[in-house]
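Single-letter residue listing:
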Amino acid sequence: MNEKDSPAAAPLPVPASALRPVRGPARLAVVALALAGVAWAARAVWHIRLAVAGQPASGPPDQGDGVHRPLNALENSYHLVDSAGGAVTAVCALVFLLWLDRVRDNARALSGAEPRYPYLWLFLGWIVPVVNLWIPRGMVADVHRSVFPDRRLPAVVNWWWGLWLAGLAGGVGLIYADSTDEVIVRAYTGVWPLLAADLVIVAAAGTAALMVRTLTTAQQERIDEVTRTDS
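The next point concerns empty space enclosed by the protein. Over the atoms, a rolled probe matching the size of one water molecule traces out where space is still vacant. One pass over the full model with this rule turns up one cavity of 30 Å³ or more. Considering only enclosed or pocket space, the largest cavity measures out at about 30 Å³ in volume. Along the walls of the largest cavity sit Val143, His144, Phe148, Leu215, Ala218 and Gln219, which together make up its complete lining. Those elements that provide at least two residues to the lining of the largest cavity are helix H4 (135-147) and helix H7 (192-230). Per element, the largest residue contribution to the lining of the largest cavity is three residues, and it comes from H7. Residue composition of the lining of the largest cavity, grouped by class: four nonpolar, two polar and no charged.

Structure follows, in structure tokens:
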């Protein structure tokens, strides 16, 4: 069948001009996720350094009864690494949400269907207990399925979500249940759970970057197709 005989693509529910660029936000998200992975890898290095150095003879930083001994140079540097990692992670979260908001808008324009989860859940879905176990993945999956209902959901979405949940589990990864000084003591006394959590989070950042590239590429191909047809 030649190009003249090819059936025309279905018209967009909204004008093609309503579609928003996705490559820029995707690149920013990939860079931010890469930096977050580096930040957590640096934290793992400091966990190893603390474990190798061993706890000082003066005991843990928190001596109990509100008494804290002065931190040594290694412990001070860990506080800096921890703070920098937290800041990078916060920026990464904002950039990721910017990308997700953009591809959700385009998915609505391309499919003519409203997202399953209202806009407010773009933020609340990550922090409301219980529902944060499935809503973020559901929003990402809907972006793909609303535009490509006949395509299988890319496996990287499930890999990313599984690693994300593993990073949240037990309060040893993305959300520490302990203070920074308590984490230092854990590195002194039992570093392996911390290193396992660090590895999971670095892997989650890597799969998230791959997911962003995969879904963005697929959506951009569809945008290019309908833009050519609209022209």
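To describe a pair of aromatic rings, one takes the distance between the centres and the angle between the planes. Within the structure shown, the criterion is met by nine aromatic pairs. Residues Phe96 and Trp99 carry aromatic rings whose centres are separated by 5.5 Å and whose planes lie at 50° to one another, so their mutual orientation is tilted. With a gap of three residues between them, Phe96 and Trp99 both fall in helix H2 (residues 73-111), about one helical turn apart. For the pair formed by Phe96 and Trp99, the shared burial category is buried. Judged by centre distance (5.5 Å) and plane angle (80°), the ring pair of Trp126 and Trp164 falls under edge-to-face. Separated by 38 residues along the polypeptide, Trp126 in the loop between helix H3 (121-124) and H4 and Trp164 in helix H5 (residues 155-168) bring together distant segments of the chain. Three or more aromatic residues joined by ring pairs form one cluster here, namely Phe96, Trp99, Trp126, Trp160, Trp161 and Trp164. One residue, Arg49, lies across the ring of Trp46, its end atom 4.9 Å from the ring centre. Lying over the aromatic face of Phe148, Arg151 brings its terminal NZ or CZ to 3.9 Å of the ring centre.

The computed volume of the second largest pocket comes to approximately 170 Å³. Elements represented by at least two residues in the lining of the second largest pocket include exactly helix H1 (23-53) and H7. Among the elements that line the lining of the second largest pocket, the one with the most residues is H7, at five residues. When grouped by side-chain class, the residues that make up the lining of the second largest pocket number three nonpolar, three polar and three charged.

Across the chain, the average pLDDT comes to 87, with 88% of residues at 70 or higher. Across the chain, the element-wise mean pLDDT spans from 81 in strand E1 (residues 62-64) up to 96 in H1.

This part covers the pattern of salt bridges. All chains considered together, the criterion is met by eight salt bridges. Arg69 is the salt-bridge partner of Glu75, the closest N and O atoms lying 2.7 Å from each other. By relative accessible area, which is 12% here, Arg69 ends up buried. The salt bridge involving Glu225 is made with Arg222; its shortest N-O contact spans 3.1 Å. Taken together, the residues Glu225 and Arg222, both in helix H7 and three residues apart, mark about one turn of the helix.

Before going further, it helps to examine the environment of Pro56. Summarising the element assignment, Pro56 is placed in the loop between H1 and E1. As for Pro56 and Tyr188, which are separated by 132 residues in sequence, their C-alpha atoms are 9.3 Å apart.

Quick look at the nonpolar core now. By size, the foremost hydrophobic cluster in this structure holds 41 residues, and its most contacted members are Phe96, Trp99, Leu100, Trp126, Trp160, Met211 and Val212. Per-element accounting of this core gives the leading share, ten residues, to H2. Ala44, Leu74, Tyr78 and Leu194 belong to the second-largest nonpolar core, a separate cluster that totals 13 residues.

A pair of packed helices is captured by two measures, namely the crossing angle of their axes and the spacing between those axes. H2 packs onto H1 with a crossing angle of 160° between their chain directions and a minimal axis gap of 8 Å. Relative to H2, H1 is oriented roughly antiparallel. Here H1 and H2 pass one another in a crossing that is left-handed. Its residues assigned to classes, the contact of H1 with H2 shows 22 nonpolar, five polar and five charged.

What counts as what
Residues numbered from 1 in each chain as written. Predicted model: local features only at pLDDT ≥ 70, side-chain atom pairs only at ≥ 80, totals over all residues. Heavy atoms only, no water. 1 Å grid on protein atoms, 1.4 Å probe; cavity = no way out; pocket = protein on both sides within 12 Å on 5 of 7 lines; lining within 4 Å. Points joined across faces, edges and corners; volume = space filled by probe spheres on them. Helix = DSSP H or I, 4+ residues; strand = E, 2+ residues; numbered from the N terminus. Nonpolar A, V, L, I, M, F, W, Y, C, P; charged D, E, K, R; others polar. Phe/Tyr/Trp six-rings, centres within 6.5 Å; stacked < 30°, edge-to-face > 60°. Buried < 20%, exposed > 50% of the residue type's maximum accessible area, 1.4 Å probe, protein only. Lys NZ or Arg CZ within 6 Å of the ring centre and 35° of its normal. pLDDT = per-residue confidence, 0-100. Salt bridge = Lys/Arg side-chain N within 4 Å of Asp/Glu carboxyl O. Core = buried A, V, L, I, M, F, W, Y, C linked by side-chain atoms within 4.5 Å. Axes fitted to C-alpha atoms, helices over the stretch in contact; angles between N-to-C directions. Parallel < 35°, antiparallel > 145°, perpendicular 65-115°, else oblique. Left-handed = near helix turned anticlockwise from the far one by under 90°.

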